[in-house]
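# Notes for the structure review
Residue-level listing of the chains:
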Amino acid sequence: MKAGYFQFKPAFCKPEKNIEKINTALKDKDFDLIVLPELANSGYFFSSFDEVESASEEIPSGKFCKALRVISDEKNCAVIAGICEKAGDKYYNSSVLIMPGKDIITYRKIHLFYEEKKWFAESDTPFSVHSFSNKRVNDVKIGMMICFDWIFPESARTLALKGAQIICHPSNLVLPYCQDAMVTRALENRVFTITANRTGIDTNREGKELSFTGMSEIVNPKGKILHRGTIEDDEVVILDINPEEALDKNVNSFNNAFTDRKEEFYFK
Ligand code: ACM
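Now for a description of the structure that goes with this document. On a predicted model such as this, the values are computed, not experimentally measured, just so you know. (Residues numbered from 1 in each chain as written. Predicted model: local features only at pLDDT ≥ 70, side-chain atom pairs only at ≥ 80, totals over all residues. Heavy atoms only, no water.)

On to the overall build of the chain. Within the chain, the regular secondary structure consists of 6 helices and 14 strands. The globule rule puts the C-alpha radius of gyration for 268 residues at 18 Å, and the 18 Å found for the chain is close to it. Dimensions of the chain, computed from C-alpha atoms along their principal axes, come out at roughly 55 × 45 × 35 Å. Here the chain, with 268 residues, has 56% of them falling under the buried criterion. At a minimum sequence separation of 6, the contacts of the chain that also span at least 24 residues come to 68%. For the chain, the exposed area adds up to about 12,000 Å²; of that, 52% sits on carbon and sulfur atoms. Of the side chains in the chain, 35 bear a positive and 40 a negative charge, and the two mean positions are spaced by 2 Å. (Helix = DSSP H or I, 4+ residues; strand = E, 2+ residues; numbered from the N terminus. Rg over C-alpha atoms; globule rule 2.2 N^0.38 Å. Buried < 20%, exposed > 50% of the residue type's maximum accessible area, 1.4 Å probe, protein only. Contact = heavy atoms within 4.5 Å. Areas by Shrake-Rupley, 256 points an atom, 1.4 Å probe, with all protein chains shown as cover. Lys, Arg positive; Asp, Glu negative; His and termini not counted. Charge placed at Lys NZ, Arg CZ, Asp CG, Glu CD.)

This is the structure we're talking about:
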């Protein structure tokens, strides 16, 4: 299976420009699954609800969703992207999973980070796992989490226990820990992880800056970094992976990452 990410710097509050960037970058590429960064339609560092409103859209009728739908249909692939979502009078930091011939699946970020709490509503979508098939791929289980969800190990664990083979992780990372931590998330759950981070700096209206760390990453179920990107460059990276590797939860001939769990000893 050909799976990967597009790392780039979303133009702030310019959804049309971001659609164009994505179309140009992916036009000549062949893949079954692609992951784009968090808030890929809007950029990140908002200063007002006017900005959030101007960059947000409804799912599935918005232009960003429609553009991703075209990519998914034309390439017969799964597209996962972070999106600034408008729903009624609320906004969500969401991620969509778009597959040919299927309704769009939306995940709304459960663990909001920093000033996101000013703009985005609390999630009402549990972590969930979805099957993807095309000509090359049969029934691969895909789960989504967004950026800061990484610091709560329960996020990846829940997706893995629900059967995810590939955890797709749109991100706008600013702290320096996640790329290393995702090695453990992949290893402890024996899953593939694809973290699609953004690059560049967003400056808000008060002049505060957030600098994003790039280094998007694909990790295999044994915790091997198959690819880690650069800090600053736009890049499309697509690798051949075998998702069946994520079905084997054995650590050795005595230990299994799932069946050896001792839930009765864990804090609830
Ligand atoms: C983050 O959750 N965007 C750090």
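A surface patch of positive charge is lined by Lys9, Lys14, Lys17 and Lys21. Judged by its relative accessible area of 49%, Lys17 is partly exposed. (Patch = residues over 30% accessible without salt bridge, like charges linked within 9 Å, V, L, I, M, F, W, Y side chains within 5 Å. Salt bridge = Lys/Arg side-chain N within 4 Å of Asp/Glu carboxyl O.)

Here we take up the sheet that holds strand S2 (residues 33–35). Taken together, the 6 strands give an open sheet; going across it, the order is S5-S4-S3-S2-S1-S14, and neighbouring strands pair in mixed fashion. Looking at the sheet topology across the chains shown, the edges are occupied by strand S5 (105–108) and strand S14 (235–240). Here the strands of the sheet are splayed against their neighbours by 30° on average, with no regard to which way each runs. As judged from the 6 bridges shared by strand S1 (residues 2–7) and S14, these two strands associate in the antiparallel manner. Bridge assignment links Gln7 to a residue of S14, and that residue is Glu235. Against the sheet, helix H1 (residues 15–26) makes contact with S1, S2 and S14, and its axis sits at roughly 140° relative to S1, the strand it touches most. Running over the sheet, helix H3 (residues 63–75) touches strand S3 (78–87) and strand S4 (90–98) and is turned about 165° from S3. (Pairing = 2+ DSSP bridges. Axes fitted to C-alpha atoms, helices over the stretch in contact; angles between N-to-C directions.)

On to the nonpolar core, then. Of all hydrophobic cores here, the largest spans 57 residues; its most connected members are Leu33, Phe120, Ile142 and Ile166. When residues no more than four places from it in sequence are discounted, the contact partners of Ile142 are Leu33, Ala78, Ile80, Leu97, Ser128, Val129, His130, Phe132, Ile166 and Cys168. (Core = buried A, V, L, I, M, F, W, Y, C linked by side-chain atoms within 4.5 Å.)

Keep in mind that most residues, glycine aside, have a negative phi and that most peptide bonds are trans. In this chain, Ile59 is followed by Pro60 through a cis amide linkage whose omega measures 10°. Here Pro60 is to be found in the loop between helix H2 (49–55) and H3. The backbone of Leu39 sits at a positive phi, close to 45°, despite the residue not being glycine. Within the fold, Leu39 resides in the loop between S2 and H2.

Along the chain, the position of Ala181 falls in helix H6 (residues 178–189). Assessed through its relative accessible area of 14%, Ala181 is described here as buried. Separated by 28 residues in sequence, Ala181 and Pro153 place their C-alpha atoms 9.7 Å apart.

As enumerated under the stated definition, the model contains 10 aromatic pairs in all. Ring centres of Phe46 and Phe120 lie 6.2 Å apart, and the angle between their planes is 75°; on these two criteria the pair is classed as edge-to-face. Note that Phe46 is positioned in the loop between S2 and H2 and Phe120 in the loop between helix H4 (116–119) and strand S6 (129–132), a separation of 74 residues in sequence. Taken together through their ring pairs, the aromatic side chains of Phe113, Tyr114, Phe148 and Phe152 make up a single cluster. Over the face of the ring belonging to Tyr92 we find Arg108, whose NZ or CZ atom lies 3.8 Å from the ring centre. (Phe/Tyr/Trp six-rings, centres within 6.5 Å; stacked < 30°, edge-to-face > 60°. Lys NZ or Arg CZ within 6 Å of the ring centre and 35° of its normal.)

Time to look at the environment of Tyr107. Along the chain, Tyr107 falls in strand S5. Between the C-alpha atom of Tyr107 and that of Tyr92, which follows or precedes it by 15 residues, the distance is 9.3 Å. In this structure Tyr107 touches Asn93, Ser94, Ser95, Thr125, Pro126, Phe127, Met144, Met145, Ile146 and Asp149, once residues within four positions along its chain are discounted. Of note is the side chain of Tyr107, whose polar atom sits 2.9 Å from the backbone nitrogen of Ile110. (Polar contact = N/O pair within 3.5 Å; in protein donor to acceptor, adjacent residues only side chain to side chain.)

Turning next to the pairing of strand S8 (residues 166–170). In terms of burial, S8 is a largely internal element, 5 of the 5 residues being buried. Burial along S8 is two-sided: the face carrying Ile166, Cys168 and Pro170 and the face carrying Ile167 and His169 are both buried. Where strand S7 (residues 140–144) and S8 come together, 3 bridges link them in parallel fashion. Paired with Met144 across the bridge in S8 is Cys168.

Quick look at the sheet that holds strand S9 (residues 192–196) now. Reading across from one edge, S6-S7-S8-S9-S12-S13 is the order of the 6 strands in this open sheet, with mixed pairing throughout. In the strand order of this sheet, the two ends are held by S6 and strand S13 (225–228), each with one partner. On average, each strand axis in the sheet is inclined to that of its neighbour by 20°, with strand direction left out of account. Here 3 bridges tie strand S12 (residues 217–219) to S13, and the two strands are oriented antiparallel to one another.

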